[in-house]
Amino acid sequence: MAARVLQQCVRSFARPSLRLCTRNVAVRATATPAVFIHRPLSFAAESPRTRLFGQSRYGDLPPLTLETIKERVMYVLKLYDKINPEKLQTSSHFMKDLGLDSLDQVEIIMAMEDEFGFEIPDAEAEKLMTPEEIVQYIADKKDVYE
Amino acid sequence: MKTAVVVLLGMSASRLPPAALSLKQFLQRQKVLQIYRTLLRTIRQVPDEADRRYLRDWARGEFRRNKEATNQDAIRMMVTQARNHLEELQKSLALARS
């Protein structure tokens, strides 16, 4: 529910002609058709990114920040069936803390490639062993500074 | 505990840090992971979603089933088999595209 309200607020912020989101959410939902960015995600049809930036008027993807990268990485990891979502933290090592093996790590990096839409070469992929490292690597590759 | 360590040392997709494997085993492990990754990447290009899922499950099952193999020759044979499967898949994809 809170996510929907936030979504409405983002939309109303982007289009100042609309009134504030204190209005009835149900009325808003029928009145404003949402344009969702459809991207092939391997694990889920909707990610936090498409929810937050549901109505984009530009051809380009929404800007990446360290926070959104981290959110998406953790979201994809939580969907992976071999990972226990409660034990997952940004610093948890895949092999030492989460008990995964190298085949799982390959699959996880492939899922990250699917999520962010660019290829990660073998040599660098095998070094990424914690969610934090993945976030740093993607931020490096995508030139995200903060 | 000791037997577990011995089994783990021979595993081609091992959890232990690479320092615990001999050079040959380490290289072989890298080869296995490399071919696993290439296979998954090729499967991604399959046009049909159901086929993709089936192939992915098949590949995962095959690799995991033989994860515990310790015989170097057996592992080499399996890697060659995987490579043949991969080439077949790539040829079919090329045909389907043309």
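Going by what an unreviewed UniProt entry lists, chain A is known as Acyl carrier protein and is assigned to Oryzias latipes. Regarding chain A, the UniProt comment filed under Subcellular location (unreviewed entry) reads as follows: "Mitochondrion". Here is the UniProt Function (unreviewed entry) comment for chain A, exactly as written: "Carrier of the growing fatty acid chain in fatty acid biosynthesis."

Glancing now at the interface of chain B and chain A. Each partner contributes to the interface: chain B provides 16 residues, whereas chain A provides 19 residues. Taking both sides of the interface into account, the surface hidden between chain B and chain A amounts to around 1700 Å²; carbon and sulfur atoms contribute 47%. Inspection of the region where chain B meets chain A yields eleven salt bridges. Two residues, glutamate 107 of chain A and arginine 64 of chain B, come together in a salt bridge whose shortest N-O distance is 2.8 Å. Put simply, chain B and chain A have eleven residue pairs in polar contact (both at pLDDT 80 or more) between them. For the side of chain B that touches chain A, the secondary structure elements donating two or more residues are helix H2 (23–44) and helix H3 (49–65) of chain B. It is H2 of chain B that contributes the most residues to the side of chain B that touches chain A, nine residues altogether.

On to the packing of aromatic side chains. Residues and elements named next belong to chain B. Under the counting rule described, the total for this entry stands at one aromatic pair over all chains. Plain terms: the ring middles of tyrosine 36 and phenylalanine 63 are 4.6 Å apart, the flat faces sit at 45° to each other, and that makes the pair tilted. One end of the pair, tyrosine 36, is in helix H2; the other, phenylalanine 63, is in helix H3, with 27 residues separating them in the sequence. Each of the two residues, tyrosine 36 as well as phenylalanine 63, counts as buried.

Rules of the game
- Numbers given to residues run from 1 along each chain, matching the order in which its sequence is written.
- Key to labels: chains lettered from A, ligands numbered from 1, both in the order written.
- Only residues with pLDDT of at least 70 get local features here, since the model is predicted, and only at 80 or more are side-chain atom pairs given and counted; chain-wide, interface and lining totals rely on the full set of residues.
- Only hydrogens and water are set aside when side-chain values are computed; all heavy atoms of the structure are taken into account.
- UniProt positions are given in the numbering used here, feature names are shortened, and annotations may be inferred rather than shown by experiment.
- The contact criterion used throughout is that any non-hydrogen atoms of two residues lie within 4.5 Å.
- Accessible area that two parts lose when put together, with a 1.4 Å probe and added across both, is what the buried area reports.
- Just to be clear on terms, a salt bridge is a Lys or Arg side-chain nitrogen sitting within 4 Å of an Asp or Glu carboxyl oxygen.
- In protein, a polar contact requires one atom able to donate a hydrogen and another able to accept it; more generally it is a pair of N or O atoms within 3.5 Å, and residues adjacent in sequence count only if both atoms are side-chain atoms.
- Comment: elements are numbered from the N terminus, with helices defined as DSSP H or I runs of at least four residues and strands as E runs of at least two.
- Aromatic pairs are defined between Phe, Tyr and Trp rings, using the six-membered ring for Trp, whenever the two ring centres lie within 6.5 Å; interplanar angles under 30 degrees are classed as stacked, those over 60 as edge-to-face, and all others as tilted.
- Only protein chains enter the calculation, and the probe is 1.4 Å; a residue is then buried if its accessible area is under 20% of its type maximum, exposed if over 50%, and partly exposed in between.

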